[in-house]
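Structure assessment
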Amino acid sequence: MNATDRTPADLLGSALAADPGRPLVTFYDDATGERVELSVATFANWVAKTANYLQGDLAAEPGDRLALLLPAHWQTAVWLLACASVGVVADVGGDPGAADLVVSGPDTLDAARACSGERVALAMRPLGGRFPQPPAGFADYAVEVPGQGDRFAPFVPVDPGAPALVVGGEELTGAGIVERALADAAAAGLPAVPRVLSGLAYDTWQGLSIGLYAPLAAGGSVVLCRHLEQLGDEALAARRDTEKVTFTAPRS
């Protein structure tokens, strides 16, 4: 990161300027066998497209609250950075009925319908595939986002001191996310340019920090594993070796 980085979006911008070709997020789903690897440039492109969709088509403004009903997944990481880019508050697992808009996976559509604002659904299929049949009352993310612009500029500069994230009932500003992520990286003893493997859920600050923000702040990358409990010790050791992991998050 650079000394001037004060929001998660700033961290991503610095990573893109430093080395766009290196891996940033590698995702495994051990229930399906899916593996997706996104370089800094590819991840930043998804973030830009999603932020353009959020700001343009969905008319989201800084301070709006987005209920994010998604599991630990590479697309969730994209939404978190897109919200940070626009200035929208990402309320992880938040109440859709109290939110301005909602982003839902396939398993939380019924709960998401409580939102009276814009509703977006993700099929969570391999390679970001669309729903075979779009759910009624929702826009299909995989249909709406690919055609969005590859570069993003906010209509209003994002205030680092404004609320940016709610998780586990705690509200953090953009600057607070960066500060805590750096502190977590130091406290965990992350090596220089860490390659972090995490199977933690995204419903706590610990899971978000070690599974996204701390590696990003430390100039590293994350191997994000969903359903890691289905992987045996031998297979986990092989993954660490194959992915050149330098730090493994505790399983719980």
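Residues numbered from 1 in each chain as written. Predicted model: local features only at pLDDT ≥ 70, side-chain atom pairs only at ≥ 80, totals over all residues. Heavy atoms only, no water.

Strand order in this open sheet of 7 strands is E7-E6-E5-E3-E4-E8-E9, and the pairing throughout is mixed. Only two strands of the sheet have a single neighbouring strand rather than two, namely strand E7 (139-140) and strand E9 (170-173). Pairing of strand E3 (residues 65-69) with strand E4 (residues 89-92), which is carried by 4 bridges, proceeds in the parallel orientation. When the sheet's bridge partners are listed, Ala67 is paired in E4 with Asp91. The sheet contacts of helix H3 (residues 74-86) involve E3, E4, strand E5 (101-104), strand E6 (118-121) and strand E8 (163-167), and relative to E3 the element is tilted by about 170°. Here helix H7 (residues 205-217) sits on the sheet and contacts E4, E8 and E9; the angle it forms with E8, its principal contact strand, is near 120°. (Pairing = 2+ DSSP bridges. Helix = DSSP H or I, 4+ residues; strand = E, 2+ residues; numbered from the N terminus. Contact = heavy atoms within 4.5 Å. Axes fitted to C-alpha atoms, helices over the stretch in contact; angles between N-to-C directions.)

Now for unusual backbone geometry. Phi angles above zero are rare outside glycine, and Ala59 is one such case at about 55°. Mapped onto the fold, Ala59 is located in the loop between helix H2 (40-57) and E3. Backbone geometry at Leu127 places phi at a positive 60°, although glycine is not the residue there. When you line up the elements, Leu127 lands in the loop between E6 and E7.

Another point: the layout of surface pockets. For the largest pocket, the calculated volume is near 450 Å³. Lining the largest pocket we find 19 residues, and of these Ala9, Leu12, Gly13, Ser85 and Phe152 sit closest to its centre. The set of elements that each furnish at least two residues to the lining of the largest pocket consists of helix H1 (8-18), H2 and H3. When residues in the lining of the largest pocket are grouped by element, the largest group, 6 residues, is from H2. Residue composition of the lining of the largest pocket, by class: 12 nonpolar, 4 polar and 3 charged. (1 Å grid on protein atoms, 1.4 Å probe; cavity = no way out; pocket = protein on both sides within 12 Å on 5 of 7 lines; lining within 4 Å. Points joined across faces, edges and corners; volume = space filled by probe spheres on them. Nonpolar A, V, L, I, M, F, W, Y, C, P; charged D, E, K, R; others polar.)

Moving on: the packing of H1 against H3. Relative to each other, H1 and H3 sit at 105°, their axes nearing to 8 Å. Of the possible angle classes, the one that applies to H1 and H3 is roughly perpendicular. Residues Pro8, Ala9 and Leu12 of H1 form the contact with H3, whose participating residues are Leu81, Ala84 and Ser85. Taken together, the residues of the contact of H1 with H3 break down into 5 nonpolar, 1 polar and no charged. (Parallel < 35°, antiparallel > 145°, perpendicular 65-115°, else oblique.)

Scanning the entire structure with this criterion turns up 11 salt bridges. Put simply, Arg180 and Glu170 hold a salt bridge, and the shortest N to O gap is 2.7 Å. Here the residue Arg180 occupies a position in helix H6 (residues 174-188), and Glu170 occupies one in strand E9, the gap between them amounting to 10 residues. Residue class for Arg180 comes out partly exposed when judged on its relative accessible area of 29%. Glu170 gets classed as partly exposed once you look at its relative accessible area, which sits at 35%. When salt bridges with common partners are traced through the structure, they connect Arg35, Glu37, Arg195 and Glu243 into a single cluster. (Salt bridge = Lys/Arg side-chain N within 4 Å of Asp/Glu carboxyl O. Buried < 20%, exposed > 50% of the residue type's maximum accessible area, 1.4 Å probe, protein only.)

Spatially, the 5 strands line up as an open sheet ordered E2-E1-E11-E10-E12, and their pairing is mixed. Each of the sheet's edge strands pairs with one partner strand only, and the pair in question is strand E2 (34-39) and strand E12 (247-248). Of the pairings in the sheet, the one linking strand E1 (residues 23-29) to strand E11 (residues 221-226) comprises 5 bridges and is parallel in character. Pairing of Tyr28 across the sheet is with Cys225, part of E11.

Turning to the packing of aromatic side chains, a few remarks are in order. Per the counting criterion, the structure on display carries 4 aromatic pairs. With a centroid separation of 5.0 Å and an interplanar angle of 75°, the aromatic rings of Trp46 and Trp74 are classed as edge-to-face. Here Trp46 is found in helix H2, whereas its partner Trp74 is found in helix H3, with 28 residues between them in sequence. Per residue, the accessibility class of Trp46 equals that of Trp74, and both read buried. Centre to centre, the rings of Trp46 and Tyr141 are 6.2 Å apart; their planes meet at 25°, and the pair counts as stacked. Taken together, the positions of Trp46 in helix H2 and Tyr141 in helix H5 (residues 141-144) put the pair 95 residues apart, joining distant regions of the chain. (Phe/Tyr/Trp six-rings, centres within 6.5 Å; stacked < 30°, edge-to-face > 60°.)

A separate point is H1. An α-helical segment advances 3.6 residues per turn. Residues three or four places apart therefore align on the same side. Every buried residue of H1 is listed here: Pro8, Leu11, Leu12, Ser14 and Ala15. All buried residues of H1 lie within an arc of 160° about the axis, which places them on one face of the element. Buried-residue contacts for H1 involve E1, H2, H3, H6 and H7. (Arc of directions from axis to C-beta.)

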